[in-house]
Amino acid sequence: MARRAGSADMPLHGGRVPQWLGQRMARLGGIIAQAIIHHYGRDEFLRRLAHPFWFQSLGAVIGMDWHSSGITTSVIGALKRGLAPVSHELGLHVCGGRGRHSRRTPDELLSVAERTGGDGAAWIRASRLVAKVDSAAVQDGFDLYLHGFIVTDDGHWTVVQQGMDGTQRLARRYHWLSEGLRSFVETPHAAIEGRRQGAIVNLTDQRAAPSRQGQLELLNDLGPDRIVREVSRLRGGAPAATDTPFLPHLVMPEHHDVRPADVVLRRLHGALAAAAQCGPQDFSDLLLVPGVGARTVMSLAQVAEVVHGAPCRFSDPARFSLAHGGKDRQPYPVPVAVYDRTISVMKAAVTAARLGNEERLDAIRRLDRQARRLERHATGPTLPDFIAQERRRSHEYGGRSIFGHEPPPTVEMEHEG
């Protein structure tokens, strides 16, 4: 039982994640996953991963470039590393990845099956079928280069895979979920949509059933050699384009900077207001890390939304980049001190909850609720002003990017503020 749950188009974006950030991504990504599983269960976490808007928001909140293709590799890699030490306890396993890691997916699935008693052969078949559907049955110009297979002990799974169109410098991400469908080859997609790029071949469309049957009959009647000759003779006749239904799909812009149109500002104001009005005094049982203040609470409010938010709240993934910045200084350098405090607070809350003490994790849920209540009437700075302020204060937050540590602000920068 599998269905394609969504897809996303993103600009190709070069560069590597530096080690100092990659380690933090793994820690925070793993902790967020554990919090979701603790509150809502493994199946709900799989559903989140299959939602393209939520997946993009998760990548942004852990500090990856908010709009780029690299977010897919980074999130899968972070979850794979961050959850590995607790995968047996959680009953959830992240397999595959990019390039050579993708090719190791069958071996990794067999290893998980041996440890858990799962049906490794069925998982491998599903992995291969999903890859074939998005590369052969649906021919949209994107060549797959990444395949992540996330499976639970009871056999439920999500696949996140990505293809590249080098000519247009675009990447497309496909999300699959192992529930709600009876066939891999007939209408398996709960979502397939993208920018119009000419005619595509979609043999999984229900209307393509005669074509699928005809292909089988041709193979039986003519054989492969004669089929090749007939195709060569008929080449040049373009097939008629068929419409595909409009379904959930995320299209990220080419610009790297975060602009006002990319953010629902009232949601940001809600998080800022919750941090300012609640502050550490209302969460004294939670905020035990020295130095935690309103700026860390704002980041925690956005992490809490990733854990608890409804799907409709992830329509603006760029907003979540405002929690911990980005490696390329967009929207501003990563505030390492804030990032580390966020990890410490979340880790302490999840650890206590696993031991039966829910107070700290419940405090994070209350923070999310408070932010949502306040956003109805909260006011605050414009997005450009907020970003400018974060850049001015970046040095005191331990700001860091691929360009190095952020220096103290110059007199000119202070005067501009």
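Residues numbered from 1 in each chain as written. Predicted model: local features only at pLDDT ≥ 70, side-chain atom pairs only at ≥ 80, totals over all residues. Heavy atoms only, no water.

1. Focus on the sheet that holds strand β1 (residues 3–11)
Turning to step 1, where the next piece is worked out: As summarised here, the arrangement of the 6 strands in space is β2-β4-β5-β6-β1-β8, forming an open sheet in which the pairing is mixed. Strands at the two margins of the open sheet, each flanked by one partner only, are β2 (92–98) and β8 (249–251). Taking the axes of each pair of neighbouring strands and ignoring which way they run, one obtains an average angle of 10 degrees across the sheet.
Turning to step 2, where the next piece is worked out: Looking at chain direction, β1 and strand β6 (residues 170–177) are connected through 8 bridges and run antiparallel. Along β6, the bridge assignment pairs Arg-4 with Trp-176. (Pairing = 2+ DSSP bridges. Helix = DSSP H or I, 4+ residues; strand = E, 2+ residues; numbered from the N terminus. Axes fitted to C-alpha atoms, helices over the stretch in contact; angles between N-to-C directions.)

2. Here's the deal with the pairing of strand β4 (residues 143–152)
Turning to step 1, where the next piece is worked out: Within β4, 8 of the 10 residues are buried, leaving the element largely enclosed by the surrounding structure.
Turning to step 2, where the next piece is worked out: In the sheet, β2 pairs with β4 via 7 bridges, with the strands oriented antiparallel. Bridge assignment links Val-94 to a residue of β4, and that residue is Ile-150.
Turning to step 3, where the next piece is worked out: Both β4 and strand β5 (residues 157–165) contribute to a ladder of 8 bridges, which runs antiparallel. Note on β5: the bridge partner recorded for Leu-144 is Gly-163.
Turning to step 4, where the next piece is worked out: Counted between consecutive antiparallel strands, the loop separating β4 from β5 contains 4 residues, among which Gly-155 sits at a positive phi close to 90 degrees. (Buried < 20%, exposed > 50% of the residue type's maximum accessible area, 1.4 Å probe, protein only.)

3. So, helix α1 (residues 19–40)
Turning to step 1, where the next piece is worked out: Under the 1.5 Å per step criterion, the end-to-end length of α1 is 31 Å for 22 residues, consistent within 8% with the ideal 32 Å.
Turning to step 2, where the next piece is worked out: Counting buried residues along α1, 17 of its 22 residues qualify, which places the element largely inside the surrounding structure. (Expected span 1.5 Å × (residues − 1).)

4. Let's talk about the pattern of salt bridges
Turning to step 1, where the next piece is worked out: Scanning the entire structure with this criterion turns up 22 salt bridges.
Turning to step 2, where the next piece is worked out: Close ionic contact of Arg-329 with Glu-406 constitutes a salt bridge, the shortest N to O distance being 2.6 Å. Of this pair, Arg-329 sits in the loop between α12 (321–324) and β9 (334–335) while Glu-406 sits in the loop between β11 (404–405) and α16 (411–416), and the two are 77 residues apart along the sequence.
Turning to step 3, where the next piece is worked out: Note on Arg-329: relative accessible area 25%, which makes it partly exposed.
Turning to step 4, where the next piece is worked out: A salt bridge links Arg-372 to Asp-368; the shortest N-O distance between them is 2.5 Å. In this pair, Arg-372 and Asp-368 are both assigned in helix α14 (residues 359–374), 4 residues apart and thus about one turn of the helix distant. (Salt bridge = Lys/Arg side-chain N within 4 Å of Asp/Glu carboxyl O.)

5. Here's the deal with the environment of Phe-320
Turning to step 1, where the next piece is worked out: In this structure, Phe-320 sits in the loop between α11 (294–308) and α12.
Turning to step 2, where the next piece is worked out: In the structure, Phe-320 is positioned 258 residues away from Ile-62 in sequence and 8.5 Å away in space, judged by C-alpha atoms.
Turning to step 3, where the next piece is worked out: Beyond its immediate sequence surroundings of up to four residues, Phe-320 is in contact with Ser-57, Ala-60, Val-61, Gln-302, Glu-305, Val-306, Arg-313 and Phe-314. (Contact = heavy atoms within 4.5 Å.)

None of this, on its own, says anything about what the molecule does.
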